[in-house]
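Observations on chain architecture
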Amino acid sequence: MQTRPPEPVFALIVAAGRGTRAGGGTPKQWRKLGTARVIEHTIDAFRRHPSVRQIVVVLHPDDEALGATLKGDLILTTGGADRAASVRNGLAALPESGKVLIHDAARPCVSAGVIDGVLEALETAPAAAPGLPVTDALWQGAEGLVTGTQDRSMLYAAQTPQGFDLATIRAAHAAHQGAAADDVEVARGAGIDVVITQGSADNLKITTAADFARATRILETKMDIRTGNGFDVHAFGAGDHVMLCGVKIPHDQGLVGHSDADVGMHTVSDAIYGALAMGDIGQHFPPSDPQWKGAESHVFLRHAADLARSEGFTLTHVDCTLICEYPKVGPHAADMRAKMAEILGIDLSRVSVKATTSERLGFTGRGEGIACMATATLVKI
Ligand SMILES: Nc1ccn([C@@H]2O[C@H](COP(=O)(O)OP(=O)(O)OP(=O)(O)O)[C@@H](O)[C@H]2O)c(=O)n1
Ligand SMILES: C[C@](O)(CO)[C@H](O)COP(=O)(O)O
């Protein structure tokens, strides 16, 4: 018997609202939350999920330029006057069949577990969405006074992503008249049963200004922060200059090495590999391989930074200390920082280069070579 291949899963992220309740000028999905904008955290949550094949993002017509700043393989489309209209436009950008997870851009802390719960339910049902049973007592009130209580035993707070068979939800939206709180209401209007899956208190929707602080705290607890260190030494030999952190410094000796012997860049590269727990420079660029003979060390540094990015990390800081009596590093430190910031693709303020002597002690003190130590900090949310 032939087994059918699994249906493709698409994520549809609605981001065309104006965030009026959050205030603050810029719509909430475009505001910063820790290291990235709200919408970027949301997109990344789906990009990281192994089942999601393609992501569609629905933008407000005024946000075209902001949309162009989003990185990665995304389908961008324009939203409508209300959430339901935005969802309809997003659905129109998707293929005929498959499964779709419709999610608010304003819910950046959604976990893989919540997404998994919806996908699991979709294996046997046409519709599923996460909900949280209401745990507080519920009152009716008027003019500051409690006027009654409400039975909460059958009440849930609705969350996203709300998952559907694509053709089913497309038909339900086409038939729906008037406004809808969410896509579950649209589906139910078309007679479709919706399975309730496990929601999470962390999957909050940023609605008011106070929600930014809560979302930041939640993301911080999920952060993967890594620090790596590097250490390297190159001996002096014949020559008339040294390469240090990408800067050519005239000197009465050169540094001996298989490549251009840039001890600074080698050390920072090793710190990044260390933070990733992915070996060291010698493993990625074996000295026994003739293609790296005389290589310029920016190749190694760029490789380490690109590897960090491909693993989903942001390089937030590097600090590099050169240890030598001569040449004097101070006059060149600004150029070294600028060079490495450019190669690493990060802001100058996140790159530090400093130097020390070893008080004429040891091999660096005797002028036999240059040592370097460095740390690199990587963050993934
Ligand atoms: N016309 C609309 C309205 C809302 N949304 C999106 O639907 C989600 C619903 O969250 P909500 O808090 O209602 O967002 P806003 O409408 O932006 O907020 P507000 O009501 O405070 O203006 C958000 O991701 C929002 O960007 C949308 O894509 N298109
Ligand atoms: C879809 C939704 O996120 C479910 O909670 C919500 O209904 C949309 O936001 P709103 O605050 O109700 O406009």
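Above this text is the structure in question.
Residues numbered from 1 in each chain as written. Chains lettered and ligands numbered in written order. Predicted model: local features only at pLDDT ≥ 70, side-chain atom pairs only at ≥ 80, totals over all residues. Heavy atoms only, no water.

A word on the nonpolar core
L244, I272, L322, M336, M340 and L344 are the most contacted members of the largest nonpolar core, which has 46 residues in total. Broken down by secondary-structure element, the contributors of at least two residues to this core are β14 (241–244), β15 (247–250), α8 (263–276), α10 (298–310), β17 (314–323), α11 (333–344), β18 (351–356) and β19 (369–380). Per element, the largest residue contribution to this core is eight residues, and it comes from α8. Not counting chain neighbours up to four residues away, the residues in contact with M336 comprise L244, C245, V247, I249, L322, V329 and V353. (Core = buried A, V, L, I, M, F, W, Y, C linked by side-chain atoms within 4.5 Å. Buried < 20%, exposed > 50% of the residue type's maximum accessible area, 1.4 Å probe, protein only. Helix = DSSP H or I, 4+ residues; strand = E, 2+ residues; numbered from the N terminus. Contact = heavy atoms within 4.5 Å.)

Observations concerning the packing of aromatic side chains
Following the criterion strictly, the structure yields three aromatic pairs and no others. With a centroid separation of 4.7 Å and an interplanar angle of 85 degrees, the aromatic rings of F285 and W292 are classed as edge-to-face. Residue W292 is classed as buried on the basis of its relative accessible area, which comes to 18%. Look at W292 and F300: their rings are 6.4 Å apart centre to centre, the planes differ by 75 degrees, and that puts the pair in the edge-to-face class. Residue class for F300 comes out buried when judged on its relative accessible area of 3%. Note that R31 overlies the ring of F212, its terminal NZ or CZ placed 4.1 Å from the centroid. (Phe/Tyr/Trp six-rings, centres within 6.5 Å; stacked < 30°, edge-to-face > 60°. Lys NZ or Arg CZ within 6 Å of the ring centre and 35° of its normal.)

Some remarks on unusual backbone geometry
Following T160, the chain continues to P161 via a peptide bond in cis, the omega torsion being 15 degrees. Mapping P161 onto the fold places it in the loop between β10 (156–158) and β11 (162–165). The omega torsion across Y326 and P327 is 0 degrees, close enough to zero to call that bond cis. Phi at E143 takes a positive value of approximately 50 degrees, unusual for a residue other than glycine. Along the polypeptide, E143 turns up in the loop between β8 (138–142) and β9 (145–150). The class for E143 is exposed, based on a relative accessible area of 83%. One non-glycine residue, A277, adopts positive backbone phi at about 55 degrees.

Thoughts on the sheet that holds strand β16 (residues 254–255)
Taken together, five strands build an open sheet; the order of strands is β16-β13-β19-β17-β18 and the sheet is mixed. Lying at the two open borders of the sheet, with one neighbouring strand each, are β16 and β18. In this sheet, β16 lies alongside strand β13 (residues 224–237) in antiparallel orientation, the contact comprising two bridges. Bridging from a neighbouring strand, F236 pairs with L255 of β16. (Pairing = 2+ DSSP bridges.)

Here we look at the layout of surface pockets
As a volume, the largest pocket reaches approximately 1,000 Å³. Sorting elements by how many residues they give to the lining of the largest pocket places helix α1 (residues 38–47) first, with five residues. Counting the residues that make up the lining of the largest pocket, at least three belong to each of domain 1 (9–136 + 152–221) and domain 2 (224–380). Taken as a whole, the second largest pocket holds about 620 Å³ of empty space. Lining the second largest pocket are 31 residues, with G17, R21, R83, D104 and K205 sitting closest to its centre. No other element matches helix α3 (residues 83–92), which puts three residues into the lining of the second largest pocket. (1 Å grid on protein atoms, 1.4 Å probe; cavity = no way out; pocket = protein on both sides within 12 Å on 5 of 7 lines; lining within 4 Å. Points joined across faces, edges and corners; volume = space filled by probe spheres on them. Domains from an automatic or database assignment.)

Thoughts on the pairing of strand β7 (residues 127–133)
In terms of burial, β7 is a largely internal element, five of the seven residues being buried. Relative to strand β12 (residues 195–198), β7 is paired through four bridges, and the arrangement is parallel. Residue pairing in the sheet places A129 in a bridge with I196 of β12. Here β7 runs beside β10; their pairing, made up of three bridges, is antiparallel. Looking across to β10, one finds that P133 is bridged to Y156.

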